[in-house]
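The lines below spell out each chain.
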Amino acid sequence: MSHDQSLIRGGPSRLPGGTERRAAGGNDTILAGRFRRDIEGLRGLALLLVLVGHAGVPGLPGAFVAVDVFFVISGFLITGLLVDEARRSGMISIAGFYVRRAKRLLPAASVVIVASVLLTYLFLPPIRWSETARDALASTAYVMNWRLVEQSTDYLRAEEAPSILQHFWSLAVEEQFYLLWPLLLLGVAMLSRHRHKRGLTPRKPAAWHGLSGRHRKRLLGDRMAVSLLVAFTLVGVPSLVWSIQLSLVDPAQAYLVTTTRVWELALGGALAILGGQLHRLSRRVALVLGWTGMAAVAFAAASVRPETAAYPGYLALLPTLGAVAIIAAGPSAGRYGPALLLELRPIRAAGVVSYSWYLWHWPLLVVAETRWGQLDTVAGLAMILCSAVPAVLTYHLVENPFRHSRFSRAGTLRLGLVATSVTALTGVGLQIAVRPPAASVPTNPQHVAGATSGALPGSSASMALVDQFPSIHPDPLEARDDLPDVYQDGCVTQARESDLRSCVYGNRDSAVEVALAGDSHAAHWVPALQVVAAERGWRLVTYIKTTCSFLAAPTVIGGRADDSCTEWNRRLRAALVGERRPRLLIVSSVTQIPLVNGSTPPPGPATAEAQAAALLETWSEFTNVGLPLMVIRDTPAFRIDMAECVSANRERLTSCAQPRQSALAWGLPQQAAAASLPAVHLADLNDEICPFELCPPVIDGVLVYRDAHHLTATYARRLAPKFHDLLRKHLP
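Residues numbered from 1 in each chain as written. Predicted model: local features only at pLDDT ≥ 70, side-chain atom pairs only at ≥ 80, totals over all residues. Heavy atoms only, no water.

Asker: Report on the pattern of salt bridges, specifying residues and quantitative values.
Answerer: All told, the structure shown has 26 salt bridges when counted by the stated rule. A salt bridge links Arg 573 to Glu 621, with the shortest nitrogen-to-oxygen separation between them at 3.1 Å. Placement of the pair is Arg 573 in helix α20 (residues 563-576) and Glu 621 in helix α21 (residues 605-623), with a sequence separation of 48 residues. Given the relative accessible area of 29%, Glu 621 is considered partly exposed. When the shortest N-O distance is used, the salt bridge between Glu 688 and Lys 722 registers 3.7 Å. Residue Glu 688 is located in helix α25 (residues 686-689), and its partner Lys 722 is located in helix α27 (residues 720-727); the two are separated by 34 residues in the primary sequence. Counted as one network, the salt bridges with shared partners bring together Glu 131, Arg 134, Asp 135 and Arg 147. (Salt bridge = Lys/Arg side-chain N within 4 Å of Asp/Glu carboxyl O. Helix = DSSP H or I, 4+ residues; strand = E, 2+ residues; numbered from the N terminus. Buried < 20%, exposed > 50% of the residue type's maximum accessible area, 1.4 Å probe, protein only.)

Okay, structure coming up:
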């Protein structure tokens, strides 16, 4: 999973404790608050950081820290709205709060969800439709972050293209916060009322509406602030601790789950409680504090790298405390503080339309990259500018009219039901549209001129690059599920796990045991080996761990040393030369980058040499004890998702064909190591997988790949006879 940015708010920007006025630029009416142009500018600046980060502007690897800035802003503004209402009118209507949030957020979000589903249907490959339909339902229900968490733990889905609705994860986090935060304040209210009954007299009583909007609870005025700060601390500190812990163990999950983000929102809420004291800062202190906060956010954006950072964790303190400093310094720092930059007209203009612009920019980027390939920085910025057009239209035609509408609570409820129903039905409609086409026989399959002449020596003369087949098996829409049995049978060791899991196939009582070890590139050979084991009466035992090379040396996965992989390898190697020693060991895996003397070798020849040396060291452990070893040379790997390409080009399959030479680069370290160790047999089946100078995605009507580098189980099973011929040399 790649890092995404937070949903931007275009709502009220005000400081608790001021006078009532209406915000400029069409923002919400600011009740009991002074409009904060610097916060509107901070929102705009953070939005621009998000946009240029997604456009691929160099020098900003940590642009995703904008998520933390926006969570702080959201906590500050929402808490301020609730507390200001209590202090001004003596009550807070929680039902009224939910109504305002619905009017503010649902219309624009619903428009973009529906538009994204339509863009998916019109422009994205059909293989993505089913997942996008589920994403639309998750976005509608404000649980997109939890859906992405589930996908982040599913290795088989890890390399799929990003969802057109992926950016709704942060909206889900904030909506979950909005659902629970008023209830926390109500709980503090009830506690304050209980204390008041015991004889503690409030300075300024305040009454809060419950969920029904009718029942009033007496609260302590100034004492309530202390109670709220204590409550925010009790919520925020455990969340921060959990964020630090989970970020070290599972950063992908930590980035998305609500529980690791609550502390950032609570930090903004605490700042809102103390908002009335901010004007007491001296000008000099405020200037230093504000610009230090700006520097902290800028430094985080320029230095935090997603591939190595345990984020959010303690690293998120840098942008969050920076945002707190900027907001806190604003009232006293004056025009020479951060407002010097934040109140520039273009930045504030971006802040005004930030919500709609954020909603629109990501779907358009996804569509553009799908149609035209990876965008360079200039093209990315051009698409960002194009997305401003629907953003401005949505702001003026959807956001503002609904936000300032005079719907009753019942009318707003009906509006919410209609918006939710429409988006949900749109997602269901896209799911219904996902149906593999019926097999049709073309009158004349279009052969590419001269394709047969490009066949490699020894390849079948009947095979040629063709543009279409009467039918394709498995259908590309079903390719993701055409998996080896090891996944369904639960015998794959997952990421961050190190226990040995195995499955047994073939004749369980056979005296001839063949072991298969490696990562998913070993797993995709299981269907072929199952056929061979059944024919020969062998006992086939599998040892598979996702994203883990079969290496003795520690390896780097996603920029970090993978200790679980190192431990799994240690246990497996000990077992294979000990109590689980087979008659033949077959290994296959992607060769990850090994650590050399505790550090990663530089890219280029040094990395290739380190990979070959690590393979040689590992294989020698088995050849030195006389264990026969067969290494399957790695299969082709491409820059595109082959199944996705086929789903979009059923009648132009040759447009999906990829150069063989670059596709086979992953197997070069294995080839170099095997040349130095004659006792190892290198099995190379790539002439059957890629028989031409351009690798075809479909051979004789069989889909070869389920993604960019894994074979479908159907095609692997087709290669069983070739595999059988190779194995006869070792086990006649």
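Asker: Residues and numbers for the sheet that holds strand β11 (residues 555-557), please.
Answerer: Backbone-to-backbone hydrogen bonds pair the strands of a sheet. The strands run either parallel or antiparallel. The 3 strands are arranged β12-β11-β14 in an open sheet whose pairing can be described as antiparallel. Each having just a single partner strand, β12 (560-561) and β14 (593-594) make up the two edges of the open sheet. Pairing analysis gives 2 bridges linking β11 to β12, with the strands arranged antiparallel. Each residue of the ladder has a partner; that of Val 556, found in β12, is Ala 561. (Pairing = 2+ DSSP bridges.)

Asker: Explain the state of the cysteines residue by residue, including any values.
Answerer: Tallied over the full model, the rule gives 4 disulfides. Shown here is the disulfide that connects Cys 645 with Cys 656, its sulfur atoms set 2.1 Å apart. Judged by the torsion about the S-S bond (-90 degrees), the Cys 645/Cys 656 disulfide is left-handed. You can see Cys 645 sitting in helix α22 (residues 642-648) and its partner Cys 656 sitting in the loop between α22 and β16 (658-659), a full 11 residues away along the chain. With relative accessibility at 14%, the residue Cys 645 sits in the buried group. Paired by a disulfide, Cys 690 and Cys 695 hold their sulfur atoms 2.0 Å apart. Because the torsion about its S-S bond is -90 degrees, the bridge between Cys 690 and Cys 695 counts as left-handed. Residue Cys 690 is classed as buried on the basis of its relative accessible area of 0%. Residue classification places Cys 695 among the buried positions, given a relative accessible area of 0%. (Disulfide = S-S within 2.5 Å.)

Asker: With reference to specific residues and values, describe the nonpolar core.
Answerer: Core analysis: the largest hydrophobic core is formed by 125 residues, its most contacted members being Phe 168, Phe 232 and Trp 357. Per-element accounting of this core gives the leading share, 14 residues, to helix α2 (residues 66-89). When residues no more than four places from it in sequence are discounted, the contact partners of Phe 168 are Ala 109, Val 112, Ile 113, Ser 139, Met 144 and Leu 359. Residues Val 532, Ile 699, Leu 719 and Phe 723 belong to the second largest nonpolar core, which totals 47 residues. (Core = buried A, V, L, I, M, F, W, Y, C linked by side-chain atoms within 4.5 Å. Contact = heavy atoms within 4.5 Å.)

Asker: Could you give an account of unusual backbone geometry, naming the residues involved and the relevant values?
Answerer: The phi angle of most residues is negative, glycine excepted, and most peptide bonds adopt the trans form. Put simply, Tyr 311 and Pro 312 share a cis peptide bond, and its omega is 10 degrees. Residues His 473 and Pro 474 are joined by a peptide bond in cis, for which omega reads -10 degrees. If you trace the backbone, Pro 474 turns up in the loop between α16 (409-433) and α17 (485-488). The backbone phi angle of Thr 547 is positive, close to 50 degrees, even though this residue is not glycine. Summarising the element assignment, Thr 547 is placed in the loop between β10 (539-545) and β11.

Asker: Residues and numbers for the packing of aromatic side chains, please.
Answerer: In the structure shown here, the tally under the stated rule is 14 aromatic pairs. Judged by centre distance (5.1 Å) and plane angle (85 degrees), the ring pair of Phe 64 and Tyr 311 falls under edge-to-face. One end of the pair, Phe 64, is in the loop between α1 (37-54) and α2; the other, Tyr 311, is in the loop between α10 (283-303) and α11 (317-333), and 247 residues separate them in sequence. When its relative accessible area of 0% is taken as the criterion, Tyr 311 is described as buried. Aromatic pair Phe 638 and Tyr 705: ring centres 4.9 Å apart, planes at 85 degrees, arrangement edge-to-face. Highlighted residues: Phe 638 in the loop between β15 (629-632) and α22 and Tyr 705 in the loop between β20 (702-703) and α26 (713-718), separated in sequence by 67 residues. (Phe/Tyr/Trp six-rings, centres within 6.5 Å; stacked < 30°, edge-to-face > 60°.)

Asker: Lay out α11 in plain terms, naming residues and giving numbers.
Answerer: Three or four residues apart is the spacing at which side chains of an α-helix point the same way, because the helix has 3.6 residues per turn. Compared with the 24 Å implied by 1.5 Å per residue over 17 residues, the 22 Å span of α11 between its first and last C-alpha is a close match. Counting buried residues in α11 gives 13 out of 17 residues, a clear majority hidden from the surface. With its phi angle positive at about 75 degrees, Gly 334 sits one or two positions after the end of α11. (Expected span 1.5 Å × (residues − 1).)

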